[in-house]
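Per-entry structural report
Residue strings, one per chain:
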Amino acid sequence: MAMLAVLIPLLMLGVVLVLGRYEELLLPQEDAGRREPAGVPPAAAAATSSPAPAGTPAPSP
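**Describing the overall build of the protein**
- When its secondary structure is counted, the protein shows two helices and zero strands.
- In the form shown here, the protein has an accessible surface area of approximately 6,100 Å², with 70% of it arising from carbon and sulfur atoms.

Take a look at the structure:
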């Protein structure tokens, strides 16, 4: 019984890993190599900044 308590979780982990690999083979992502790193902002967003909304009141003195 103790062997089953050790083997069943290991087998389940193996099944999850195999299913993940199968999914990657079945549904490849076309743009996976073309993505930029998360820390680099796009050039258009870095050049412009958004102004405050039109309805924002001025701060009181």
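Text resumes after the structure shown.
**Section: the pattern of salt bridges**
- Across all of its chains, the model carries one salt bridge by this definition.
- The partner of glutamate 24 in a salt bridge is arginine 21, and the shortest N-O contact between them spans 3.3 Å. In this pair, glutamate 24 and arginine 21 are both assigned in helix α1 (residues 2-26), three residues apart and thus about one turn of the helix distant.
- We classify arginine 21 as exposed; its relative accessible area is 58%.

**Some words on a nonpolar patch on the surface**
- The grouping of Met3, Val6, Leu7, Leu10 and Leu11 at the surface amounts to a nonpolar patch, some 510 Å² of accessible area in total.
- Relative to the elements of secondary structure, leucine 11 occurs in helix α1.
- Leucine 11 gets classed as exposed once you look at its relative accessible area, which sits at 59%.

The rules behind these values
- Every chain is numbered on its own, with residues counted from 1 as its sequence reads.
- The predicted origin of the model limits local features to residues at a pLDDT of at least 70 and limits the giving and counting of side-chain atom pairs to 80 or more, whereas totals for whole chains, interfaces and linings rest on all residues.
- For side-chain calculations, the full set of non-hydrogen atoms in the structure is used, while hydrogens and water are omitted.
- For the purposes of this entry, the term helix denotes a DSSP run of H or I that reaches at least four residues, the term strand denotes a run of E that reaches at least two, and both are numbered from the N terminus.
- With residues, only the protein chains shown are counted as cover, and all accessible areas are computed by Shrake-Rupley using a 1.4 Å probe.
- Any Lys or Arg side-chain nitrogen located within 4 Å of an Asp or Glu carboxyl oxygen qualifies as a salt bridge.
- Only protein chains enter the accessibility calculation, which uses a 1.4 Å probe; a residue whose area is less than 20% of its type maximum is buried, one above 50% is exposed, and one in between is partly exposed.
- Patches in this entry comprise residues that are over 30% relatively accessible and not in a salt bridge; like charges within 9 Å are linked, as are nonpolar side chains (Val, Leu, Ile, Met, Phe, Trp, Tyr) within 5 Å.

What is shown is where atoms sit, not what they do.
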